[in-house]
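Coordinates in review
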There are 2 protein chains.
Amino acid sequence: MAPFITKFEPYEPEEYVVCKKSGTKSPARLEKVAIVGSGSWGTALARVAATNTAEQEGFDPEVRMWVREQEIHNGKRLIDIINEGSRQNEKYLPDVDLPENLIAVPSLVETVRNASLILFVVPHQFLPAALKELKASGVVNPKARAISAIKGVDVVIEKDAAGKTTQADIYTFPSVIEKELGIPCTALGGANIALDVGRGEFCETTIGVPSAKDAALWHAVFDGPKFRVHPIEDVAGVSLSGALKNIVALAAGFVDGMGLGGNTKAAILRVGLLEMAMFTQDFFPGSSSFTFSHHSAGMADLITTSFGGRNRKCAEAFIKSKPEYAPAGTVTNGKGKTFLELEEELLNGQKLQGTLTAQEVFDFLEARGRLEAYPLFEKVYRISFEGMDPKRLFEDL
Amino acid sequence: MAPFITKFEPYEPEEYVVCKKSGTKSPARLEKVAIVGSGSWGTALARVAATNTAEQEGFDPEVRMWVREQEIHNGKRLIDIINEGSRQNEKYLPDVDLPENLIAVPSLVETVRNASLILFVVPHQFLPAALKELKASGVVNPKARAISAIKGVDVVIEKDAAGKTTQADIYTFPSVIEKELGIPCTALGGANIALDVGRGEFCETTIGVPSAKDAALWHAVFDGPKFRVHPIEDVAGVSLSGALKNIVALAAGFVDGMGLGGNTKAAILRVGLLEMAMFTQDFFPGSSSFTFSHHSAGMADLITTSFGGRNRKCAEAFIKSKPEYAPAGTVTNGKGKTFLELEEELLNGQKLQGTLTAQEVFDFLEARGRLEAYPLFEKVYRISFEGMDPKRLFEDL
């Protein structure tokens, strides 16, 4: 199909030991998976991983998932519900049974102890504190490998004493994790609404991982007949696509909020995908436009998110909360709601990634003087935070 | 953006005549548009064209649209409703006002007489007869230009006396029109659900037209602030995409019929788009994969059609008519309905293009021994016509 595919041989343990007495051959050491995060997507991926590690040679079946002590659902600790109650993440992934070998652990450090394969899947707001704690604890095995399913970018803008921007940089989360923990980090992303993955519906995902050995490992952790994993070389592309698609999904939600149809939405998705690919190639020159046009992490993820995701949902509600767009008979507050209000109202404790990414990308492009090349990204920001009329979304596209 | 874009200067009449008395300058001759077809998409495009010809120098404002004498709606001739009644195409594009300068004409030959720009937008089943009539009449101006918005392909399979295939060929409709009428023909396609275009919602379309001069002309006929026209060089790609996307839309409808979610649908769309691009490049080597990945005629059209089009709708109904997939409480006929039955039941006289295209493409690929490379196209055909279990859609993808 497309270039930039990572070629790999199916995973096999590197070394075996043979029992002198029985002659039984077994892997010399077991890979062990840890899941840092337990939102809907984290739990869905943990379920996939735990199912696979239970069935495959070379893996410690036990998969630990970090669930904060303070997570409460219906008066009970979420951790107890998962480990001893319904064995479901009733708060973030209801009605999906979790395997026995998936263990919720309240301590981040204990979750990661002894792990050789660490999935990071926290909202990107929470990553810096988690990395700091892991680094300070010294618990991360220097031979471990990480993978990031976090949607977002890390933008760093430096200003001088007079408030003038002196430098603006953008980093992907895999690169942030690599730098902080000193272990290699790859990226996972695709057309994966968490609840549908939890229910075991057929889907695909993309892993950005240039090393054939690591591709085989991560493929073994996540691939299954209903969750097809395709490794490609482009780590930055997979990571950026997962972040930037949420900006486009906000625009898709604006289209829905204005009551416009499929043609308009498809046009926004097309232009959005081009801006996503252009942005990535502009600022991460080693990445590939094929990631966007050919892989699940690109166009497929954008489609799913723009029709079914939480960013679309809140963006539609954002428009409809405005008096001029409110459906007939609705009572509004006379000025519309902010995204912060809608996040609290609609997301049951989940975080909205798109608005944060829209803001960071806007700040970065503005600091670099490059806003002009990204009219859709710019307008999503201005509609979200500066009161721009959403009808102006279609200008200059 | 992408390569293969046709560069052109905005349209201007080539020659002017100056009135000796008043000094008024006017174009030496006027371009005249004819619309061959009056279904929902034909009427929506006719409305766009008539609006533009009324406003632009160099065009005869009158746009003629072919409406068959026999087209009846609520006991009245559709032609009379359009010309003298509500001035709407009440049968195929209800609630959309048509401009005064758009005239419904019962004779195909009179529709095309004196036209310099001819749009073909009939269901592909009806094209051969229309071309035959036009050719026999000698009415087509040899300097005229054509554009095809027809969704489909022309597959010709030759067999020997023993029934063995001796040759299999595939043609796009622009090439069929060029050959039959001896005038150049370009292609138009994009994310354009007719009713939404009729309502004036923002959308984009792609025109496949290699000549800069023709690109300027067609752009002038169709482009507007709410209907953005992007000319690219790839005629075959635009034409094939419009045909093949309907096969994928059937698969999308199967997914909906089985009650599966957005992840699955996005995966089907991704794989479908790759098969569409691969098919086109395999059999029309001059075409560009960018048509599929970057342009409205490609991924955007596929998205719109797979979420909102008639092929999706009938395919969903096809699955749900089967006893094993019928929603609880529904009475079925015990064996499911055929597409022919559903077409009559659901489409109000419109034709289903996807099933016909699926069959033609299947026959062509089978004759060429190339089915194996197109598992999605193959399965859509087998599910539609050979009773294959729709769950098998996901095998080998």
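Residues numbered from 1 in each chain as written. Chains lettered and ligands numbered in written order. Predicted model: local features only at pLDDT ≥ 70, side-chain atom pairs only at ≥ 80, totals over all residues. Heavy atoms only, no water.

Examining the sheet that holds strand β14 (residues 227-232) of chain A
The strands that make up a sheet are held in pairs by hydrogen bonds between backbone atoms, and each pair lies either parallel or antiparallel. Residue and element names in this part refer to chain A. Pairing within the open sheet is mixed, and its 8 strands lie in the order β7-β4-β3-β8-β9-β12-β13-β14. Sheet topology places β7 (102-105) and β14 at the edges, where each strand pairs with a single neighbour. Strand-to-strand, the axes of this sheet are offset by a mean angle of 25°, without reference to chain direction. Bridging between strand β12 (residues 185-189) and strand β13 (residues 203-208) involves 3 bridges; their strand directions are antiparallel. Paired with A187 across the bridge in β13 is G208. (Pairing = 2+ DSSP bridges. Helix = DSSP H or I, 4+ residues; strand = E, 2+ residues; numbered from the N terminus. Axes fitted to C-alpha atoms, helices over the stretch in contact; angles between N-to-C directions.)

Things to note about the interface of chain A and chain B
Facing 36 residues of chain A, the contacting portion of chain B comprises 36 residues. The largest contributions to the chain A side of the interface with chain B come from A:F202, A:N263 and A:R270, which together make up 23% of the buried area. Across the chain A-chain B interface, the total number found is 2 salt bridges. For the salt bridge of B:E204 with A:R270, the shortest nitrogen-to-oxygen distance reads 2.6 Å. At the junction of chain A with chain B, the criterion picks out 13 residue pairs in polar contact (both at pLDDT 80 or more). For the side of chain A that touches chain B, the secondary-structure elements that each account for two or more residues are α6 (194-198), β13, β14, α9 (262-283), α10 (290-294) and α11 (296-308) of chain A. Broken down by element, the residue count for the side of chain A that touches chain B peaks at 10 residues, all from α9(A). Tallied by class, residues from the side of chain A that touches chain B come to 19 nonpolar, 12 polar and 5 charged. (Contact = heavy atoms within 4.5 Å. Buried area = accessible area lost by both parts, 1.4 Å probe. Salt bridge = Lys/Arg side-chain N within 4 Å of Asp/Glu carboxyl O. Polar contact = N/O pair within 3.5 Å; in protein donor to acceptor, adjacent residues only side chain to side chain. Nonpolar A, V, L, I, M, F, W, Y, C, P; charged D, E, K, R; others polar.)

Structural notes on the pairing of strand β14 (residues 227-232) of chain B
Burial of β14(B) is extensive: 5 of the 6 residues sit out of reach of the surface. Following the backbone out of strand β13 (residues 203-208) of chain B, through helix α7 (residues 212-222) of chain B and into the adjacent parallel β14(B), one traces a crossover that is right-handed. (Buried < 20%, exposed > 50% of the residue type's maximum accessible area, 1.4 Å probe, protein only. Right-handed = clockwise from strand over helix to strand, strands pointing away.)

Description of the UniProt feature "binding site: NAD(+)" (unreviewed entry) in chain A
Residue and element names in this part refer to chain A. Feature annotation in UniProt assigns "binding site: NAD(+)" (unreviewed entry) to the following positions: G37, S38, G39, S40, W41, G42, F126, A194, R310, K351 and Q353. On the secondary structure map, G37 appears in the loop between β3 (33-36) and α1 (40-55). With residues near it in sequence (within four places) discarded, G37 still touches G42, M65, W66, V121 and V122. When you line up the elements, S38 lands in the loop between β3 and α1. (UniProt positions renumbered as here; feature names shortened; annotations may be inferred.)

Considering the pattern of salt bridges
Residue and element names in this part refer to chain A. Counting across every chain of the model gives 50 salt bridges over all chains. Its salt-bridge partner being E62, residue K32 comes within 3.3 Å of it at the nearest N-O pair. In this pair, K32 is assigned in the loop between β2 (25-27) and β3 and E62 in the loop between α1 and β4 (63-66), connecting sequence segments 30 residues apart. Given the relative accessible area of 10%, K32 is considered buried. Members of the salt-bridge network, linked through shared partners, are D256, K265, R312, E316 and K320.

Let's talk about the packing of helix α14 (residues 354-367) of chain A against helix α15 (residues 375-385) of chain A
All names here are of chain A. It is at 9 Å that the axes of α14 and α15 come closest, and there the two elements cross at 120°. By the angle between their axes, α14 is oblique relative to α15. By crossing handedness, the relation of α14 to α15 is classed as left-handed. Contact residues: α14 offers T355, A358, Q359, V361, F362 and L365, while α15 offers F377, E378, V380, Y381, R382 and F385. (Parallel < 35°, antiparallel > 145°, perpendicular 65-115°, else oblique. Left-handed = near helix turned anticlockwise from the far one by under 90°.)

Digging into the relation of the copies chain A and chain B
Expressed as a screw operation, the relation of chain A to chain B combines 0.0 Å of axial shift with a rotation of 180°, fitting to an RMSD of 0.0 Å. These values place the two chain copies in the arrangement generated by a two-fold rotation axis. Distance from the rotation axis, computed per C-alpha, reaches its smallest value in chain A at A:S293: 2.6 Å. Same-surface contact between copies: 100% of interface residues of chain A are shared with the interface of chain B. (Least-squares fit on C-alpha atoms with pLDDT ≥ 70 in both.)

Overview of the nonpolar core
A:F254, A:F279, A:L393, B:F254, B:F279 and B:L393 are the most contacted members of the largest nonpolar core, which totals 116 residues. If we ignore the near neighbours within four places in the chain, the residues touching A:L393 are A:A251, A:F254, A:V255, A:M258, A:I268, A:L376, A:K379, A:V380 and A:I383. (Core = buried A, V, L, I, M, F, W, Y, C linked by side-chain atoms within 4.5 Å.)

Quick look at the packing of aromatic side chains
Geometry of an aromatic ring pair is reported as the spacing of the ring centres plus the angle between the planes. Within this structure, the stated rule accounts for 27 aromatic pairs over all chains. Ring centres 5.7 Å apart and planes at 75° place the aromatic pair B:F279 and B:Y374 in the edge-to-face group. Note that B:F279 is positioned in helix α9 (residues 262-283) and B:Y374 in the loop between α14 (354-368) and α15 (375-385), a separation of 95 residues in sequence. Accessibility expressed as a relative area gives 0% for B:Y374, which makes it buried. The structure contains a cluster of three or more aromatic residues connected by ring pairs, namely A:F279, A:F283, A:F364, A:Y374 and A:F377. Directly above the ring of A:F126 sits A:R68, whose terminal nitrogen or CZ lies 4.9 Å from the centroid. (Phe/Tyr/Trp six-rings, centres within 6.5 Å; stacked < 30°, edge-to-face > 60°. Lys NZ or Arg CZ within 6 Å of the ring centre and 35° of its normal.)

Considering the sheet that holds strand β12 (residues 185-189) of chain B
Residues and elements named next belong to chain B. Here we have 8 strands laid out as an open sheet, ordered β7-β4-β3-β8-β9-β12-β13-β14, and mixed in their pairing. The outermost strands of the open sheet, each flanked by one partner alone, are β7 (102-105) and β14. Strand-to-strand, the axes of this sheet are offset by a mean angle of 25°, without reference to chain direction. Two elements, strand β9 (residues 145-148) and β12, share 3 bridges in a ladder whose sense is parallel. Note that in β12 the partner of A146 across the bridge is C185. Those strands touched by helix α8 (residues 235-257) are β12, β13 and β14, and its axis lies near 45° from that of β12.

A few points about the UniProt feature "active site" (unreviewed entry) in chain A
According to UniProt, the "active site" (unreviewed entry) feature falls on A:K245. When residues no more than four places from it in sequence are discounted, the contact partners of A:K245 are A:K151, A:M276, A:D301, A:L302 and A:T305.

Observations concerning the domain arrangement of chain A
Residues and elements named next belong to chain A. Per the domain assignment, the segments making up chain A are domain 1 (29-233) and domain 2 (238-392). Placing the centre of domain 1 and that of domain 2 at their C-alpha centroids yields a distance of 24 Å. Listed as interface residues are 32 residues of domain 1 and, on the opposing side, 34 residues of domain 2. Taking both sides of the interface into account, the surface hidden between domain 1 and domain 2 amounts to around 2,500 Å²; carbon and sulfur atoms contribute 66%. It is K151, V153 and I170 in domain 1 that bury the most area against domain 2; as a group they hold 21% of the surface buried on that side. Taken together, the links from domain 1 to domain 2 amount to 1 salt bridge. At the junction of domain 1 and domain 2, the tally comes to 8 residue pairs in polar contact (both at pLDDT 80 or more). Looking at the side of domain 1 that touches domain 2, the elements with two or more residues in it are β10 (153-159), β11 (165-172), α5 (173-181), β12 and β13. (Domains from an automatic or database assignment.)

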